[in-house]
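Observations on the three-dimensional arrangement
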Amino acid sequence: MRMKKSKMTLLVGALVVASIIGIVSMSGCIDEKTVETPKQVPVPTPTETSKPEVTPVKEEAYKTVTDMRGKAVRIPKDPKRVVAISEGMVDQIMVAFGIEDKIVGYGSCGKIRDCDTSGYLAINDTSDTYNGSWYIGSILYPKMRELPYLGTPTKGINYEQLAELNPDIIIMRARDYDKNEGEKKTIATIEKLGFPLIIINRPNHYDKPDVSTIYKEIEVLGEIFDKQEKAEELIDFLDGKLTFIKERTKNIPESEKPGVLYFGLSRSARKKGGAGNVRGIDSIQSIFLEDIINAKNAYRGKGRVIMSAEQILALNPDVIVLPTSSGFHPPRELYEAEAFENIREVKAIKEKRACSLPAVGCRSERLDFAMTLMIEAKCVYPERFKDIDLNEFVDNYYKDVFDVSDDKVEKLKLTQRLRWLEIIE
Amino acid sequence: MNNISFEHKSGGLVFSNRTKVTFIIALFISLTITALIAITRGAYDISVIAVYEVILDNLNIATQTNSLFNTIVWEIRMPRILLAIAVGMALATAGGVYQGTFRNPLVEPFILGVSAGAAFGAALSIVYPQYLFSIQLSAFMFGMVAVFGAYSLASVRGQTPLVTLILAGVILGSLFGSAVSILKYISTETGLREIVFWMMGGFYYATWSDVYQIVPVVTICTIVLFIMGWKLNVLSMGEEEAKTLGINTERTKIILITLATFVTALSVSVVGIIAWVGLMMPHAARLVIGPDHRFLLPSAAIMGAIFLIICDTIARTLTTAEIPVGIITSILGAPYLMYLLRTKKNIFFG
């Protein structure tokens, strides 16, 4: 049976129409937007090949900043539209500088959203009923919630959305741009767009993370926004907190240093047959624990590994620190949940020496790192820090760093789940 | 041999060869139109005229001077679309070839472990970047290693029974799958995220250099496979029948599987694992044009390209961030295949 000619014509026509309708309907209507000229004139960076149409600009409106790659980048003297791809670090520094309203878009490990299930508890299989974001930037600068989320170098950046935002400057906190192909391509593509790109390095960009690189990040941002003085003040403040901790914990003999275990109570680790995951001596938490708090990581291996109950019993740590690990975990989970019955003989659990760290997202260090270290120091050496009232310390910390009201401080505490995690009363 | 005419067992519509050629031409026109529309879509507002001016400028036909438009259209959208076309064609053609060779409608290009091998290669390169040259190269190498491992495992005295080959593919796939799990287990948080995201597939890192690497090879390989379509028709009747008709079945199988695997591994190494295209598009083409591989393969290839362009356009325009294209292909692909299975099973399974 041969197909009729008219049927074939119909089929061909239908195909063409279907492909047009399909693509139009999925990506919005084709409205003839008559944007004939770009919304902005790209500012060429020193390494960019000059494009003929770049409008001549007054030299005095620009300055050159050297980013943490060592690259000199030409940027506007007073950048007004900033895209921060940094999992919160740049946003927080900008809040600390009082210039957060310049942020027009952000990139993070996820879009800012409220969640009520991420505080999963192993006790009776219940969940934390707290409903809110873990992203403290959304409290410090509530408008962040409405800003476009652009992705990350790992997940891919929506370059067109980035260009649509017409930023004066893009600040990206990166880790592996010297070896990771995805990050390399991301940086190359953003630079091709013609927007000035400043890279600041995450601490774990370096073989041995150090707080000095966090200070360097603040310095670079101070230079970008002409807030060198504020940057200096902020660095001094943070360094003061660390010096305070170091002073209190110096001269402790090796034999008296408690063995601390970073124990992530992730449900997925239990599903894989472990009791939880632990972090090795190469993790940034462990490095700060040993360098600043002057304690020792009970697990002397490297990486982040899932451990069985027997392995935890063998390590027998003096103190257990509970970081965010696929959810937020208060010590009561360890003391009461059936899932951890097999490790109740561990010294830290028997002596009730487990404590949580504030809720953080994306496992990234931000300006709250010095506060976290104080919480951890008090947990590891309660006697040496018995005069520190964490509630008061946290209140003052938030106020000093971010210059926020009491009301916002309460919201920040709620966001970092400090009471729920039994860090403060 | 070239004039063999295949008919639907279900007694559905049967096209003449001329009609089928017309249909393929229509598909090609649809592909061109889809690509031309897709390139005008994106988060950044550029008028349709300006988009085409950029293209003509880069082809030295006209002049436009906006560097930002040039970057967005020529450096970001164009490589993605060309890569989507190449990968769509590669996976759909490979799917059609595998289904024909194995005489099994549920076979897809990843059946012999190429995706698991490539995922292992990529994960290895992500976890140990200091030892391996690049994610792409490593993914490609291990993708090929997996398939040829399966082939060697299944070959006995110069013969490779198809059932044994599929089983060997499943075994190798499982082995590499476990190895990926180990790498995920020992990787850092960032590494883990990267592995997971790579495995979901996506065109977000597409560059012209990827296009130069992929497009010529895929074009040549798929054309060779199209030309071999008639041999696949004979092979589909069964190895004994094919031998009786004078076909060297072992050599034909090796050529077909090698080329199909090669384009699949190449595609996977650049864009990760994109599900459904290789399984669904040959079915969709078979539904319209029948089981004759001379026409089925080009139709499936073009339909695969159209499907991937549409999915990638959705992936880059639906939200302000990127969505892995593998998620879109699965969301669109699974219900479609379910529909086909429920309504047209006679056409596929006799």
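Remember, predicted model here, so these are calculated numbers, not experimental data.

What follows covers the overall build of chain B. Within chain B, the regular secondary structure consists of 15 helices and 0 strands. For 350 residues, the compact-globule estimate of 2.2 N^0.38 gives 20 Å, and chain B sits close to it at 21 Å. Looking at chain B as a whole, 57% of its 350 residues qualify as buried. Counting contacts in chain B only where the partners sit at least 6 residues apart, residues at least 24 apart contribute 76% of the total.

In terms of regular secondary structure, chain A is built from 15 helices and 14 strands. Residues counted as buried form 48% of the 425 residues belonging to chain A. Counting contacts in chain A only where the partners sit at least 6 residues apart, residues at least 24 apart contribute 68% of the total.

Our focus in this paragraph is the packing of helix α8 (residues 208-227) of chain B against helix α11 (residues 249-271) of chain B. Residues and elements named next belong to chain B. At a minimum axis distance of 10 Å, the contact between α8 and α11 shows a crossing angle of 160°. Relative to α11, the element α8 is oriented roughly antiparallel. Crossing handedness for the pair α8 and α11: left-handed. In contact with Asp 210, Ile 214, Val 217, Val 218, Cys 221, Thr 222, Val 224 and Leu 225 of α8, α11 contributes Leu 259, Ala 260, Phe 262, Val 263, Leu 266, Ser 267 and Val 270. Residue composition of the contact of α8 with α11, by class: 12 nonpolar, 2 polar and 1 charged.

Looking now at the pairing of strand β9 (residues 259-264) of chain A. Residue and element names in this part refer to chain A. In terms of burial, β9 is a largely internal element, 5 of the 6 residues being buried. As judged from the 2 bridges shared by β9 and strand β11 (residues 296-297), these two strands associate in the parallel manner. Opposite Gly 259, over in β11, you have Lys 296 as the bridge partner. Two strands pair when backbone bridges link them, and β9 and strand β13 (residues 319-322) are joined in this way by 3 bridges, in the parallel orientation.

Our next topic: the pairing of strand β8 (residues 197-201) of chain A. Residues and elements named next belong to chain A. In terms of residue burial, β8 counts as a mostly covered element, since 5 of its 5 residues are buried. Side chains Leu 197, Ile 199 and Asn 201 project from β8 onto one buried face, and the interleaved Ile 198 and Ile 200 project onto a second face that is buried too. Here 5 bridges tie strand β7 (residues 169-174) to β8, and the two strands are oriented parallel to one another. Among the inter-strand pairings, Ile 171 is bridged to a residue of β8, identified as Ile 198. Handedness of the β7-helix α5 (residues 181-193)-β8 crossover: right-handed.

This brings us to the sheet that holds β7(A). Residue and element names in this part refer to chain A. On the basis of which strands lie adjacent, the open sheet formed by 4 strands has the order β4-β3-β7-β8 and parallel pairing. Looking at which strands have only one partner, the edges of the open sheet turn out to be β4 (103-107) and β8. Taking the axes of each pair of neighbouring strands and ignoring which way they run, one obtains an average angle of 15° across the sheet.

A word on the domain arrangement of chain A. All names here are of chain A. Here chain A is described as being made up of domain 1 (59-111 + 149-230) and domain 2 (251-415). At the interface, 15 residues of domain 1 touch 12 residues of domain 2. With 5 residues, the top contributor of residues to the side of domain 1 that touches domain 2 is helix α2 (residues 89-97). Here the side of domain 1 that touches domain 2 is composed, by residue class, of 8 nonpolar, 5 polar and 2 charged.

Residue and element names in this part refer to chain A. Positive phi is not limited to glycine here, since Asn 316 has a value of about 40°. Mapped onto the secondary structure, Asn 316 falls in the loop between α10 (309-315) and β13. Its identity is not glycine, yet Lys 352 carries a phi of approximately 50°, on the positive side. Along the chain, Lys 352 turns up in the loop between α12 (347-350) and β14 (354-356). The class of Lys 352 is exposed, set by 10 C-beta atoms lying within 10 Å.

Attention now moves to the packing of helix α12 (residues 277-289) of chain B against helix α13 (residues 293-317) of chain B. Residues and elements named next belong to chain B. Where α12 contacts α13, the two axes come as close as 8 Å, and the packing angle between them is 125°. Comparing their axes, α13 and α12 come out oblique. Regarding α12 and α13, the two cross each other, and that crossing is right-handed. Touching Val 277, Met 281, Pro 282, Ala 284, Ala 285, Arg 286, Val 288 and Ile 289 of α12 are Phe 295, Leu 296, Ser 299, Ala 300, Met 303, Gly 304, Phe 307 and Leu 308, all from α13.

Attention now moves to the nonpolar core. Among the nonpolar cores identified, the biggest contains 235 residues, and Ile320(A), Leu83(B), Met303(B), Ala305(B) and Ile309(B) are the most heavily contacted of them. If one sorts the elements of this core by residue count, helix α3 (residues 67-102) of chain B sits on top with 21 residues. No fewer than three residues from each of domain 1 (59-111 + 149-230) and domain 2 (251-415) of chain A sit in this core. Excluding residues within four positions of it along the chain, Ala305(B) makes contact with Leu31(B), Ala84(B), Ile85(B), Gly88(B) and Met89(B).

Further remarks concern helix α1 (residues 17-38) of chain B. Along its 22 residues, α1(B) runs 31 Å from first to last C-alpha, staying within 8% of the 32 Å computed at 1.5 Å per residue. When α1(B) is considered as a whole, its buried residues turn out to be Thr19(B), Lys20(B), Phe23(B), Ala26(B), Leu27(B), Ser30(B), Leu31(B), Thr34(B), Ala35(B), Ile37(B) and Ala38(B).

Turning next to the environment of Gly333(B). Residue and element names in this part refer to chain B. If you trace the backbone, Gly 333 turns up in helix α14 (residues 325-343). The class of Gly 333 is buried, set by 21 C-beta atoms lying within 10 Å. Sequence separation of Gly 333 and Phe 307 is 26 residues, and the distance between their C-alpha atoms is 9.5 Å. With residues up to four places along the chain from it excluded, the contact list for Gly 333 reads Ala 275, Trp 276 and Met 280.

The rules behind each value
Residues numbered from 1 in each chain as written. Chains lettered and ligands numbered in written order. Predicted model: local features only at pLDDT ≥ 70, side-chain atom pairs only at ≥ 80, totals over all residues. Helix = DSSP H or I, 4+ residues; strand = E, 2+ residues; numbered from the N terminus. Rg over C-alpha atoms; globule rule 2.2 N^0.38 Å. Buried ≥ 20, exposed ≤ 12 C-beta atoms within 10 Å, placed from the backbone. Contact = placed C-beta atoms within 7 Å. Axes fitted to C-alpha atoms, helices over the stretch in contact; angles between N-to-C directions. Parallel < 35°, antiparallel > 145°, perpendicular 65-115°, else oblique. Left-handed = near helix turned anticlockwise from the far one by under 90°. Nonpolar A, V, L, I, M, F, W, Y, C, P; charged D, E, K, R; others polar. Pairing = 2+ DSSP bridges. Right-handed = clockwise from strand over helix to strand, strands pointing away. Domains from an automatic or database assignment. Core = buried A, V, L, I, M, F, W, Y, C linked by C-beta atoms within 7 Å. Expected span 1.5 Å × (residues − 1).

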